[in-house]
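# Architecture and fold: a report
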Amino acid sequence: MASIRELHRQLTNKERSAEELTRETLDRIETIDPQVRGFLQVMADAAIDRARRVDAKIAAGEAIGHLEGIPIAIKDNICTAGVPTTCGSKILENFVPPYNATVIEKLEAAGAILIGKTNLDEFAMGSSTENSAFQVTANPWDLDRVPGGSSGGSAAVVAANECTVALGSDTGGSIRQPASLCGVVGMKPTYGLVSRYGLVAYASSLDQIGPLAGTVEDAAILLEAIAGYDPKDSTSLKTEIPSYYKALKPNLKPKRHLRIGVIQETFGQGVDPAVEQAVKDALTVLQELGAEVQVISCPTFRYGLPAYYIIAPSEASANLARYDGVKYGMRVEDAENLIDMYAKTRARGFGSEVKRRIVIGTYALSAGYYDAYYLKAQKVRTLIRQDFDRAFNHVDILVCPTSPTTAFKAGEKTADPLGMYLSDLMTIPVNLAGLPALSLPCGFDEGGLPIGMQAIGNVLQEQLLLEVAHAYEQATPWSQKRPKL
Amino acid sequence: MTVATPTKTQYEAVIGLETHCQLSTESKIFSASSTAFGADPNQNIDPICAGLPGVLPVLNQKVLEYAVKVGLALNCEIAPYSKFDRKQYFYPDLPKNYQISQYDLPIAQNGWLEVELLDEEGNITRKRIGITRAHMEEDAGKLVHAGSDRLSGSTYSLVDLNRAGIALLEIVSEPDLRSGQEAAEYARELRRIVRYLGASDGNMQEGSLRCDVNVSVRPVGQAEFGTKVEIKNMNSFNAIQRAIEFEIERQVAAIETGETILQETRLWEENSQRTISMRTKEGSSDYRYFPEPDLTPIEVSPEQLKQWESELPELPAAKRKRYEEELGLSAYDTQVLTDDRDVAEYLEATIAAGADAKQAANWVMGDVTAYLKESKLDIGAIALKPAILAELIDLIENKTISGKIAKEILPELLEKGGSPKKLVESKGMTQISDTGAIESAIDEILAANPDKVEQFRSGKTKLQGFFMGQVMKKTQGRADPKLTNQILAKKLQG
């Protein structure tokens, strides 16, 4: 699929109408998605209606914004008024929100065409999208492999050209890891840059909504549209949003000397040699573009994973307590009494990974364990942030692999939760520190599976990250490659 | 309160109160729904207070202001940095199955309030009661059970979330209270304070002020506390007092007969005037508190604190002290007059308009209060404005009218207002203080009743009242009573 800039040109030059673009997108989904299974729901009628309004605007000679008429997919944990929002869970299978998430309001105001809701690991808990209660999404590069997760549906439909861009959410890597495994660009913004209002909470202090796109430029356009202070989200940042898109230049040369740090601890044991090599090659390209590369040590990096698996489940155990069968969503019919209804509804409504994390979180917050687990994990979190702060005294951007491996086979890790958790080793510390990071394609392994490189910036350094990523993308062929379906 | 027993062991009660006070904000603590009482079920709700997926709380800043002001009025330290926490438990009236509350960093701590206790002879005892803490939290909804008054045993239960998310301030006292009377007075004083601040209407019947009481007893002189029992379900101050008195007697009797006091929650039954066991507490509940990640920490700057402090009104205790010392009012009158801030301010405005303090107090406590009760109006809404009452009192003081006439014209002034002076003039009701006029009136009466004059002079002195009445009748009550009495007495003696 063409880039947003190209589609925008076609629309404004009337080479193609928004309705045509939408219908082509819907046709493509109908043809391709039975293999990819990225969408849980496609909103065809609403999308065509919306496209017609864009066409009317164009016909009236009005100027249209970049996102107007552009098909976009939404991860199904972002609330859409009147459209089911399931979180990939049986417990919310019949839940229809009466309100829109702030990002949806912004996209609708920007004229984007909401084309469908995408599959995810249940409540965004997982790294393969296999934890969805409804379907397993395939990796468009190899249909036997997972797309990563939890925003696997969004990454896969962008990779498969089923739509131009998509929204995902990232709590410990859930945008970047599937972006890496599907060969697309995925960005987790600084915590608080994008409103969380309407994003069904997994771990509130870590969750962020962000873009998945075929190119850095498309990601920049989408981020620009969804970022910004929201009075409905107390944790949202009061900050000016620059034009990320306009700042993009084809090379780094006019910029001041760019210092890139390679995180020492992210190479070696457990990392695919092909992944390691691709990232090293990417660093060479960046050097050629004018960046100075140095090795940086973040000794607490490896404590991110265990700290995350205390903090995120702790918050999740409270966030998911509301799914009790009382007010909305699933309720069992055969309960003896209130406690029985709670127990049976939650036992049948939640999948095993969700239950595992609820149990871990409940345990970690229990009297007598709080200090040893939750409080200790929060201290680790502070140390990780300090480690990043120290690193950013020396460099502007940190680079490492996004995921230690390329896409693995469906079913390969489902019996090994800890093995699955290791997929997010590189991405988790970024969430704990609240920093922005993106994953962008940097090569392929011998099996032809995409490899992603993660670039991490300091707080609110999205613009710099996008500029560097864009320059790299322009200098390399990776983004032009698309899976054959 | 100490209770004497046959074995001569003296017991004392140790009592602490946890008071939940709904704050008078228009909208809920974390969302925009109305807090109006009495709406149809689930009318005042929104996705946030109903705990829908994906919603986020935003603190209503008025809640913080009220909480800080109450904290200041209770002589608390206000935390420059505090936070919200999640208190987790499952119950159908709690939509998120956690309550957003404050755990280890409450907005206010370490305060006190002074209760003023009056005995039957009108002697005052003042006592400081420690305030452990005050913290902000959200209220839960209400359950309506079918076929039972409780969840267990009901065929089904309905959830009404109108109350869910209304802002509460939970105020916890130190265990400094020793009797039902003290506890009830503490609760009354707390209610007065929050009402003075406009922070809460303190309405116990509507549940905007709810007191849970912890009571234990121990032999006098024993340092450690006895086993504590929690009592709930009192919806008046009298009920608080009686429930505690019942509970103290029950616990002392139990100890005397060798029973163990169970740590439990008991319900006050208004009908039978006793407490009954509701549930036994087995260890303390584990609420798995942790910091609320959806809300940022609360910071109160010194400037903000100063601003709110400067906005505090004169509080009931200060008013009482001033009324007694400066206005010379009795402790009892003072308590009555300062109970409601509007009444106290009405009184003060009346005095400021020139009225004598004691006279103004009598009118406000007497006829004005009676009228308020009868008309169900607030004092601010009546036509008799303080200046009018002051004018009326002045007319009596300068003998333009008698107290009797004043009472006669009062209903019209209460209903319609206007100038009392003009009213008595237009009705020709001014007092007759002219000696000549009174003398001639008396002469006429005496001349018309020679037999009664005779009886009086032969010793039936009670008849003076009859003559007085006749004079008043003749002058339509306008004769100066004091002067009339003097002249009458002189003339009757011959």
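Residues numbered from 1 in each chain as written. Chains lettered and ligands numbered in written order. Predicted model: local features only at pLDDT ≥ 70, side-chain atom pairs only at ≥ 80, totals over all residues. Heavy atoms only, no water.

### Topic: the overall build of chain A
Looking only at helices and strands, one finds 16 helices and eleven strands in chain A. Here the C-alpha atoms of chain A give a radius of gyration of 21 Å, agreeing with the 23 Å that 2.2 N^0.38 yields for 485 residues. The principal-axis extents of the C-alpha atoms in chain A amount to approximately 65 × 55 × 45 Å. Buried residues in chain A amount to 64% of all 485 residues. Charged side chains of chain A number 48 positive and 56 negative; the gap between the two group centres comes to 3 Å. (Helix = DSSP H or I, 4+ residues; strand = E, 2+ residues; numbered from the N terminus. Rg over C-alpha atoms; globule rule 2.2 N^0.38 Å. Buried < 20%, exposed > 50% of the residue type's maximum accessible area, 1.4 Å probe, protein only. Lys, Arg positive; Asp, Glu negative; His and termini not counted. Charge placed at Lys NZ, Arg CZ, Asp CG, Glu CD.)

### Regarding the confidence of the model for chain B
Across chain B, the average pLDDT comes to 92, with 98% of residues at 70 or higher. Predicted complex, confidence summary: ipTM 0.96, pTM 0.92. (pLDDT = per-residue confidence, 0-100.)

### A look at the interface of chain B and chain A
Between chain B and chain A, the contact holds 31 residues from the first and 40 residues from the second. When the two sides are added together, the surface that chain B and chain A hide from each other amounts to roughly 2,700 Å², 61% of it contributed by carbon and sulfur. When the buried area of chain B at its contact with chain A is split by residue, Pro53(B), Leu56(B) and Phe90(B) rank highest and sum to 22% of it. Between the two partners, chain B and chain A, sit one salt bridge. Where Asp294(B) meets Arg196(A), a salt bridge forms, and the shortest distance between an N and an O atom there is 3.0 Å. (Contact = heavy atoms within 4.5 Å. Buried area = accessible area lost by both parts, 1.4 Å probe. Salt bridge = Lys/Arg side-chain N within 4 Å of Asp/Glu carboxyl O.)

### Here we look at the domain arrangement of chain A
For an interface, size is often stated in terms of accessible area lost upon the parts coming together. All names here are of chain A. For chain A, the assigned domains are domain 1 (4–251 + 469–480) and domain 2 (302–378). Between the C-alpha centres of domain 1 and domain 2 the distance comes to 28 Å. With 20 residues of domain 1 at the interface, the matching set in domain 2 holds 20 residues. Between domain 1 and domain 2, roughly 1,700 Å² of surface is buried when both sides are summed, and carbon and sulfur atoms account for 62% of that area. Across the contact surface, domain 1 and domain 2 share zero salt bridges. Here domain 1 and domain 2 share ten residue pairs in polar contact (both at pLDDT 80 or more) between them. Its residues assigned to classes, the side of domain 1 that touches domain 2 shows ten nonpolar, eight polar and two charged. (Domains from an automatic or database assignment. Polar contact = N/O pair within 3.5 Å; in protein donor to acceptor, adjacent residues only side chain to side chain. Nonpolar A, V, L, I, M, F, W, Y, C, P; charged D, E, K, R; others polar.)

### Some points on helix H14 (residues 464–474) of chain B
Side chains of residues three or four places apart in an α-helix project in the same direction, reflecting 3.6 residues per turn. All names here are of chain B. By the burial criterion, the buried members of H14 are Gln464, Phe467, Met468, Val471 and Met472. The arc that holds the buried residues of H14, viewed along the axis, is 135°, so those residues lie on one side. Buried residues along H14 sit against helix H12 (435–448), helix H13 (450–457) and helix H15 (481–492). Trailing H14 by a residue or two, Gln476 shows a phi angle of about 50°, which is positive. (Arc of directions from axis to C-beta.)

### Description of a nonpolar patch on the surface
All names here are of chain A. On the surface, Tyr363, Tyr369 and Tyr373 cluster together into a nonpolar patch covering about 280 Å² of accessible area. With respect to the helices, strands and loops of the structure, Tyr373 is situated in helix H13 (residues 371–394). According to the relative accessible area criterion, Tyr373 is partly exposed, its value standing at 33%. (Patch = residues over 30% accessible without salt bridge, like charges linked within 9 Å, V, L, I, M, F, W, Y side chains within 5 Å. Areas by Shrake-Rupley, 256 points an atom, 1.4 Å probe, with all protein chains shown as cover.)

### Notes on the domain arrangement of chain B
Residues and elements named next belong to chain B. What the domain assignment lists for chain B is domain 1 (2–305), domain 2 (314–427) and domain 3 (435–492). The C-alpha centroid of domain 2 is placed 36 Å from the C-alpha centroid of domain 1. Each partner contributes residues to the interface: domain 1 has twelve residues there, and domain 2 has 15 residues. Among the residues of domain 1 in contact with domain 2, Glu116, Arg192 and Tyr196 are the three that bury the most area, contributing 56% of the side total. The salt bridge partner of Arg195 is Asp340, with a shortest N-O separation of 3.2 Å. At the boundary of domain 1 with domain 2, the tally comes to seven residue pairs in polar contact (both at pLDDT 80 or more). Considering each element in turn, the side of domain 1 that touches domain 2 owes the most residues, six residues, to helix H2 (residues 180–197). Across the side of domain 1 that touches domain 2, the residue classes tally to six nonpolar, no polar and six charged.

### Section: the packing of aromatic side chains
Residues and elements named next belong to chain A. For the structure on display, the rule yields 24 aromatic pairs over all chains. Ring centres of Tyr323 and Tyr328 lie 6.3 Å apart, and the angle between their planes is 70°; this geometry places the pair in the edge-to-face category. Both residues of the pair, Tyr323 and Tyr328, belong to the buried class. Seen from their ring centres, Phe388 and Phe392 are 6.5 Å apart, and the 20° between their planes marks the pair as stacked. Highlighted residues: Phe388 and Phe392, both in helix H13, separated by four residues, approximately one helical turn. Considered together, Phe388 and Phe392 belong to a single accessibility category, that of buried residues. Linked through ring pairs, Phe95, Phe123, Tyr323, Tyr328 and Phe350 together constitute an aromatic cluster. Between Lys327 and the ring centre of Tyr328, over which it is positioned, the NZ or CZ distance is 5.7 Å. (Phe/Tyr/Trp six-rings, centres within 6.5 Å; stacked < 30°, edge-to-face > 60°. Lys NZ or Arg CZ within 6 Å of the ring centre and 35° of its normal.)

### Looking at the nonpolar core
Counting 237 residues, the largest nonpolar core has Leu107(A) and Phe123(A) as the members making the most contacts within it. Ranked by size, the runner-up nonpolar core spans 31 residues in total, among them Ile48(A), Ile115(A), Ala156(A) and Ile175(A). (Core = buried A, V, L, I, M, F, W, Y, C linked by side-chain atoms within 4.5 Å.)

### What about the sheet that holds strand S16 (residues 290–291) of chain B?
All names here are of chain B. Pairing is antiparallel in the open sheet, where three strands are placed in the order S6-S5-S16. Looking along the sheet, the strands with just one partner apiece sit at the ends: strand S6 (98–101) and S16. Here strand S5 (residues 85–88) pairs with S16 via two bridges, running antiparallel. Bridge assignment links Asp85 to a residue of S16, and that residue is Pro291. (Pairing = 2+ DSSP bridges.)

### As for the side chain of Asp480(B)
Residues and elements named next belong to chain B. Inspection of the secondary structure assignment puts Asp480 in the loop between H14 and H15. Although Asp480 is buried, it makes no salt bridge; Lys399 carries the closest opposite charge, 4.7 Å away. Beyond its immediate chain neighbours, meaning those up to four positions away, Asp480 contacts Lys399, Gln431, Ile432, Ser433, Ile438 and Met472.

### Considerations on unusual backbone geometry
Residue Ser150(A) is bonded to the preceding Gly149(A) through a cis peptide linkage, with omega at 10°. Its location among the elements puts Ser150(A) in the loop between strand S3 (113–118) and helix H5 (152–159). Look at Asn233(B): it is not a glycine, yet its phi comes out positive at around 80°. Structurally, Asn233(B) can be placed in strand S13 (residues 229–234). By relative accessible area, which is 51% here, Asn233(B) ends up exposed. With phi around 55°, Gln273(B) is a residue other than glycine that occupies positive phi space. Here Gln273(B) is to be found in the loop between strand S14 (264–269) and strand S15 (274–280). Judged by relative accessible area, Gln273(B) falls into the partly exposed class, the value being 29%.

### Describing the pairing of strand S2 (residues 71–75) of chain A
Strand residues, when the strand is regular, have side chains that alternate between the two faces of the sheet. All names here are of chain A. Extensive coverage of S2 is indicated by the burial of five of its five residues. Both faces of S2 are covered, namely the face carrying Pro71, Ala73 and Lys75 and the face carrying Ile72 and Ile74. Where S2 meets S3, five bridges bridge the pair, whose relative direction is parallel. Residue pairing across strands places Ile74 opposite Lys117, the latter belonging to S3.

### Here we look at the sheet that holds strand S9 (residues 397–401) of chain A
Where strands meet in a sheet, backbone hydrogen bonds hold them as pairs that are either parallel or antiparallel. Residues and elements named next belong to chain A. If you trace the eleven strands from one edge of the open sheet to the other, you get S1-S3-S2-S4-S6-S5-S10-S11-S9-S7-S8, paired in mixed fashion. Strand pairing shows two members of the sheet lacking a second neighbour, strand S1 (39–42) and strand S8 (292–296), which therefore form its edges. The average angle at which neighbouring strand axes cross in this sheet is 30°, direction not considered. For S9 and strand S11 (residues 450–457), the ladder comprises five bridges, and the chain directions are antiparallel. Its bridge partner being in S11, Val399 is matched across the sheet by Ala455. Its contacts with the sheet put helix H3 (residues 44–59) on S1 and S3, and the angle it makes with S3 is roughly 160°. (Axes fitted to C-alpha atoms, helices over the stretch in contact; angles between N-to-C directions.)

### Describing the pattern of salt bridges
Residues and elements named next belong to chain A. Per the stated rule, a full pass over the model turns up 61 salt bridges over all chains. As a salt-bridge pair, Glu15 and Arg9 come within 2.8 Å of each other at their nearest N and O atoms. Given a relative accessible area of 48%, Glu15 falls into the partly exposed group. With relative accessibility at 35%, the residue Arg9 sits in the partly exposed group.

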